[in-house]
Amino acid sequence: MAKKYFTLSFDDGIIQDRRVLEILRKYNAYCATFNINTGGLGRDNSEFIRWAYKCPSLTHIRIGEDEIRNGVYEGFELAVHTLNHPSLKAYDDAPEKIIEEICGDAANIESLCGKYPIGMAWPGGDGDYTDTTVSHVYENTPIRYARGSTSTYSFELPKCFLKWYPTCSFLDPKTVELTNQFLSAEPTEDMLFYVWAHSYEFDLPGARSYDEFEEFIKKISSAPNVELVTNGQFYEKFKNKIASK
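Residues numbered from 1 in each chain as written. Predicted model: local features only at pLDDT ≥ 70, side-chain atom pairs only at ≥ 80, totals over all residues. Heavy atoms only, no water.

This next bit is on the overall build of the chain. Each helix and strand counted, the chain has eight helices and eight strands in total. Rg of the C-alpha trace for the chain: 17 Å, near the compact-globule value of 18 Å for 245 residues, within the 12% margin. In terms of overall dimensions, the chain has C-alpha extents of about 45 × 45 × 35 Å along its principal axes. Split into buried and exposed, the 245 residues of the chain put 52% on the buried side. Taking the contacts inside the chain whose residues are at least 6 apart along the sequence as the reference set, 74% of them involve residues at least 24 apart. A total accessible area of about 11100 Å² is found for the chain, and carbon and sulfur atoms account for 48% of it. Here the chain contributes 26 positively and 36 negatively charged side chains, and the mean placements of these two sets differ by 3 Å. (Helix = DSSP H or I, 4+ residues; strand = E, 2+ residues; numbered from the N terminus. Rg over C-alpha atoms; globule rule 2.2 N^0.38 Å. Buried < 20%, exposed > 50% of the residue type's maximum accessible area, 1.4 Å probe, protein only. Contact = heavy atoms within 4.5 Å. Areas by Shrake-Rupley, 256 points an atom, 1.4 Å probe, with all protein chains shown as cover. Lys, Arg positive; Asp, Glu negative; His and termini not counted. Charge placed at Lys NZ, Arg CZ, Asp CG, Glu CD.)

This brings us to helix H5 (residues 131–140). Three or more residues of H5 are buried, namely Thr133, Val134, Ser135, His136 and Val137. For H5, the side-chain oxygen to backbone nitrogen distance between the N-cap and Thr132 is 3.2 Å, and the N-cap itself is Thr130. (Polar contact = N/O pair within 3.5 Å; in protein donor to acceptor, adjacent residues only side chain to side chain.)

As a further point, take the packing of aromatic side chains. Scanning all chains against the criterion turns up 31 aromatic pairs. A centroid spacing of 5.2 Å and a plane angle of 50 degrees characterise the contact between Phe170 and Phe216, whose relative ring orientation is tilted. Taken together, the residues span a long stretch of sequence, with Phe170 in the loop between strand S6 (168–169) and helix H6 (175–184) and Phe216 in helix H7 (residues 210–221) at a distance of 46 residues. Both residues of the pair, Phe170 and Phe216, count as buried. Relative to Phe193, the ring of Phe182 lies with its centre 5.2 Å away and its plane at 45 degrees, an arrangement referred to as tilted. Within this pair, whereas Phe182 is found in helix H6, its partner Phe193 is found in strand S7 (residues 191–197), the two being separated by 11 residues in sequence. Accessibility classification places Phe182 together with Phe193 in one group, the buried group. Sitting over the ring of Tyr153, Lys174 keeps its end group 4.2 Å from the ring centre. (Phe/Tyr/Trp six-rings, centres within 6.5 Å; stacked < 30°, edge-to-face > 60°. Lys NZ or Arg CZ within 6 Å of the ring centre and 35° of its normal.)

Quick look at the nonpolar core now. Soluble globular proteins tend to pack their nonpolar side chains together in the buried interior. The biggest cluster of nonpolar side chains holds 52 residues, and the ones touching the most others in it are Leu8, Leu24, Phe34, Phe193, Phe213 and Phe216. Core analysis: the next-biggest nonpolar cluster, separate from the first, contains 13 residues, Tyr5, Phe161, Leu192 and Phe234 among them. (Core = buried A, V, L, I, M, F, W, Y, C linked by side-chain atoms within 4.5 Å.)

Once that is clear, we can look at the pattern of salt bridges. Enumeration over the complete set of coordinates arrives at 10 salt bridges. Glu227 serves as the salt-bridge partner of Lys3, at 2.4 Å between the closest nitrogen and oxygen. Of the two residues, Lys3 is situated in the segment before strand S1 (4–12) and Glu227 in strand S8 (residues 226–228); the sequence distance between them amounts to 224 residues. Glu212 is the salt-bridge partner of Arg208, the closest N and O atoms lying 3.9 Å from each other. For Arg208, a relative accessible area of 14% corresponds to the buried category. (Salt bridge = Lys/Arg side-chain N within 4 Å of Asp/Glu carboxyl O.)

Here Gln16 shows up in the loop between S1 and helix H1 (17–26). The buried category is assigned to Gln16, whose relative accessible area is 6%. The contacts of Gln16, once residues within four sequence positions are left out, are Thr59, Ser199, Tyr200, Asp203 and Tyr210.

The next subject is the environment of Leu178. Mapping Leu178 onto the fold places it in helix H6. By relative accessible area, which is 5% here, Leu178 ends up buried. In this structure the C-alpha to C-alpha distance between Leu178 and Phe155, which are 23 residues apart in sequence, comes to 9.0 Å. Not counting chain neighbours up to four residues away, the residues in contact with Leu178 comprise Tyr153, Phe155, Thr167, Cys168 and Phe193.

Below, the structure is given as structure tokens:
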């Protein structure tokens, strides 16, 4: 019987995640995967983000080690975003650097939460890895799924897990329309609605807000025919049907 699945992911492990986590817990929506950079725990990267977004009030401060150990992400899935968020394609000729960035991050996550991750989000998105990078990851690390950043605007399942394209970003104007389409659909084959974001983007003037995110989660989580899954849970369900590479 065909089913409808919903999953979320958030990148960078920043203090705005606290509010996102509060909303998700309120609606018992433990379907988010948080991709974190453990090489910069507690680091303040606000100056660069303010410049990049031309927004002087924006903050980008990574959650610290103690807060993670004390359970800020308890009940949720943590995954790799590399130690230091480099463009991994820069290391295509030095695969040991890719291994260090990914496996170092994964080992730190295991130390912080007790579980070694098998998934990640590509730092920098789809422009920052190549087929060679993918091969290095597949051949030299335990990572078996990796989310990109290019929106499919569809509910099709991924073609391969190491190039896993999301349906859309939460900030995308099409998210509302896609949500309604997904919830009203009568599936004849399995469907996946995959939404991602950086939680600091909710602080951008004119962007979709935390209140809108709460309404979105309330709507999705109350749908009777949608199964909420983390990225890793979805991978486990489909790893025998969808290749990693």
